[in-house]
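Overview (structure and organization)
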Amino acid sequence: QELPMQTLGYYSQPPSPNPPSSPLQKSRNSIRLLSGILAVNILLLGSALVCGAAFSKVKVLSDEEMHIYLTILLILTTAWMIFYMVHTTSRPQAVLYKDSHAGPIWLRGGLVLFGVASLIMDVFKIGHSTGQLNCESPVKVTFPLVQLVFVVVQTYFLWVHSKDCVQKQSNITGCGLMLTLATNLMLWMSAVTDESLHQTGEEASKHNESFSHLRDGSMFFKAGGSGCKCTHSACEIFKNGFYYLYPFNIEYSLFASAMTYVMWKNIGRQIDDCSHHKISFRAKGIVFGATVGLLVVIAGLGVFIVYEVEVTRDTSKERVLIMYYIFSIIGLILMSLASLAGSIIYRFDKRTVVSTKNPTRSLDVALLLGAALGQFLISYFSIVAIVAEKTTRTINILNLTCSLLIILQLCLQNIFIIEGLHKQPYHAEPPVVSMVFINEGTSRSNLPSHKNDHDEPSPAENSLELSINSSTTHSSSSRMSWKRQAIKEMSVFLLLCNVIFWIIPAFGARPQFDNGLEELFYGFSIWVAIVNIGLPFGIFYRMHSVASLFEVYLTS
């Protein structure tokens, strides 16, 4: 009798539950195609509207019409999320599987933190707009109010359902998730454009440049400088506080976009997560990396405060820029060395490399590599300008050194993070207990003759046996733990350094404009475009690195 091929070992591993040609896989591809087309059209139309609202030479529409478009998207997305939570998830067998890698607690915690800041920003918008209802469009009040509701609903939706692998109503769910993703990207694009207009307006005023093709300072507060009087005294407070909350709102939109994309990739996915290890956070024993990292953060905050206060003064401008570049160079060197040392330690790490498909990990790697391009863009343009000018000023040499170190640091850090994300997590192993078995017939005969068979071992014998077992276990553990300790120390240090390198540009430091060399070489208009394109991605890279490094820390 012939045996089935499986029993003869023709399959070294079980066949995939969803082979490429299966009906389920074809259905998933159709859902992705349909929902992807929907998202692309929303984003392209939205991009045109944002550009039309930002550049006054485009007379097609006003910024009120752009906010109407965003308000419609927010209402539709909020309605779909409520429909999903109330109807879709209540259907039998709608969510059979959960992706344990999706929506980790630190990512959801960051989403809540940035969401709270976004809610405060919306309150500031509403407070400012209600004081100008006599001369402003009602859309300026409606938009932040609808966005406030959207942030609350979306934060709850992603906190509860970010791990779902939906099996029912796949078409509706796929289109709804792509609508949510496109809406968050549109909010990100609008916020980045508004922040760039605000920063560009300030820099143009410093350099006495005329930017007639741009709105006055901001899309949302455009009318504030055109004779519109506020009816209460808190308008200026709301307006100033609003810009300090921009970075949190930008990060919130990107966090939500990433979590939504993973949900979209998990539609129809069948997961066997038996091998997933529960990872817990422990900070015990992490001293060196945390201490040095906190020192870098404190020094960076001091440099940032002095920079913001002194950079506008011509007498101290160059001194402040030198201080900023020296701090950046020292920080980048330390981060590069830590990343390099971590990558070397990985060569001695015996953990296996995880090769299974994981949408969360794939997205993390793609975002790290993609977002780093923004900082590469600015650094390479700075290098070309400095080398072409052949300048020997101290500030320009420091700028060149800093640009080169940024490129080196990003490359080494990406290697360290990506390798760490692909390593099998350490998991708690059961303690090794050494046992001594005594043969009653032989071993007892070798004992001194004054002991009989019913005698208990002496306390000295017990103490000797336990000390041998304890020392054996301890030495084995110490041989295995030094690599984990080193990786954790470096992860914490890099995490804290990336936090301060996110804070400095996110809250308004712009040495790219203040040193003046690149602006003279490329011209103010071109250099503004380069910085406004590259800097948002560079800022996002730092925050995304923080989340990825935290995951590397936990899995180590």
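Small disclaimer: the values here were computed from a predicted structure and weren't measured. Counting restarts for each chain: residues are numbered from 1 in the order of the written sequence. Where totals are concerned, whole chains, interfaces and linings use all residues; where local detail is concerned, this predicted model gives features only for residues with pLDDT of at least 70, and gives and counts side-chain atom pairs only at 80 or more. Where side-chain values are given, they derive from all heavy atoms of the structure, hydrogens and water being excluded.

With that settled, the discussion passes to the overall build of the protein chain. A run of DSSP states H or I qualifies as a helix once it reaches four residues; a run of E qualifies as a strand once it reaches two. Both are numbered from the N-terminal end. Secondary structure summary: the protein chain contains 15 helices and 2 strands in total. The buried share of the protein chain, taken over its 556 residues, is 49%. We call two residues in contact whenever any of their non-hydrogen atoms come within 4.5 Å of each other. Contacts spanning at least 24 positions in sequence make up 89% of the contacts within the protein chain whose residues lie at least 6 apart. As displayed, the protein chain offers around 27,700 Å² of accessible surface, 66% of which is attributable to carbon and sulfur atoms. Burial classes: relative accessible area under 20% of the type maximum marks a residue as buried, over 50% as exposed, and values in between as partly exposed (1.4 Å probe, protein chains only). Methods summary: accessible areas were calculated by the Shrake-Rupley approach with a probe of 1.4 Å, and residue burial reflects only the protein chains presented.

Now for the packing of helix H10 (residues 359-389) against helix H15 (residues 524-555). For helices, the fitted axis covers only the stretch in contact; all axes are lines through C-alpha atoms, and the angles between them, taken along N-to-C directions, range from 0 to 180 degrees. For the pair H10 and H15, interaxial distance at closest approach is 7 Å and the crossing angle is 140°. Between H10 and H15, the angle falls in the class oblique. For the crossing formed where H10 meets H15, the hand is left-handed. By residue class, the composition of the contact of H10 with H15 is 15 nonpolar, 8 polar and 2 charged. Every angle not falling under 35 degrees, over 145, or within 65 to 115 is termed oblique; those three ranges are roughly parallel, roughly antiparallel and roughly perpendicular. Each crossing gets its hand from how the near helix is turned against the far one by less than a right angle, where anticlockwise is left-handed and clockwise is right-handed. Only Asp, Glu, Lys and Arg are considered charged in this grouping, and only Ala, Val, Leu, Ile, Met, Phe, Trp, Tyr, Cys and Pro are considered nonpolar; every other residue, Gly among them, is considered polar.

So, on to a nonpolar patch on the surface. In this scheme, patches are assembled from residues that exceed 30% relative accessible area and form no salt bridge. Like charges are connected within 9 Å, while nonpolar side chains (Val, Leu, Ile, Met, Phe, Trp, Tyr) are connected within 5 Å. The rule for a salt bridge is simple: a side-chain nitrogen of Lys or Arg has to be within 4 Å of a carboxyl oxygen of Asp or Glu. On the surface, Ile105, Val112, Val116, Ile120, Tyr156, Trp159 and Val160 cluster together into a nonpolar patch covering about 600 Å² of accessible area. For the nonpolar patch, the elements supplying multiple residues, two or more each, are helix H3 (105-130) and helix H4 (139-161). Ranked by residues supplied to the nonpolar patch, first place goes to H3 with 4 residues. Along the chain, Ile120 falls in helix H3.

Per-residue confidence from the prediction method is given by pLDDT, with values spanning 0 to 100. Predicted confidence across the protein chain gives a mean pLDDT of 76, with 74% of residues reaching 70 or more. Under a pLDDT of 50 for its full length, residues 428-438 has, in the predicted model, 5 contacts with residues more than four places off or in other chains. Under a pLDDT of 50 for its full length, residues 459-480 has, in the predicted model, 5 contacts with residues more than four places off or in other chains.

The end-to-end C-alpha separation of helix H7 (residues 246-265) is 29 Å, in line with the 28 Å expected for 20 residues at 1.5 Å each. The element H7 is largely enclosed, with a buried count of 17 among its 20 residues. In this analysis, the expected span of each helix is defined as 1.5 Å times one less than the number of residues it contains.

Quick look at the environment of Trp188 now. Structurally, the position occupied by Trp188 is in helix H5 (residues 170-206). Distance from Trp188 to Ile250, taken between C-alpha atoms, is 5.4 Å for residues 62 residues apart in sequence. Dropping the residues within four chain positions of it, Trp188 is found in contact with Ile250, Ser253, Leu254 and Phe537.

This paragraph deals with empty space enclosed by the protein. Grid points spaced at 1 Å over the protein atoms alone were grouped into cavities, where a 1.4 Å probe fits but cannot get out, and pockets, open sets with protein on both sides within 12 Å along at least five of seven lines, with lining residues defined by an atom within 4 Å of a point. Grid points are joined across faces, edges and corners, and a volume is the space filled by probe spheres set on the points. Enumeration according to the criterion identifies 4 cavities of 30 Å³ or more in this entry. If you add up the space inside the largest cavity, you get close to 360 Å³. In terms of lining residues, the largest cavity is bounded by 24 residues, among which Tyr324, Gln375, Ile406, Pro511 and Gln512 are the most central. Of all the elements in the fold, those that place two or more residues in the lining of the largest cavity are helix H9 (317-346), H10, helix H11 (394-421), helix H12 (459-506), helix H13 (511-514) and H15.

Secondary-structure assignment places Asn249 in helix H7. Discounting chain neighbours no more than four positions away, the residues touching Asn249 are Ser118, Met121, Gln147 and Ala191.

The next point concerns the nonpolar core. Residues belong to one nonpolar core when they are buried, are Ala, Val, Leu, Ile, Met, Phe, Trp, Tyr or Cys, and are joined through side-chain atoms within 4.5 Å. Of all hydrophobic cores here, the largest spans 122 residues; its most connected members are Phe157, Phe416 and Ile500. Excluding residues that lie within four positions of it along the chain, Ile500 makes contacts with Val296, Val297, Gly300, Leu301 and Phe327.

Note that Asp122 resides in helix H3. In contact with Asp122, other than residues within four places in its own chain, are Pro144, Gln147, Leu148 and Val151.

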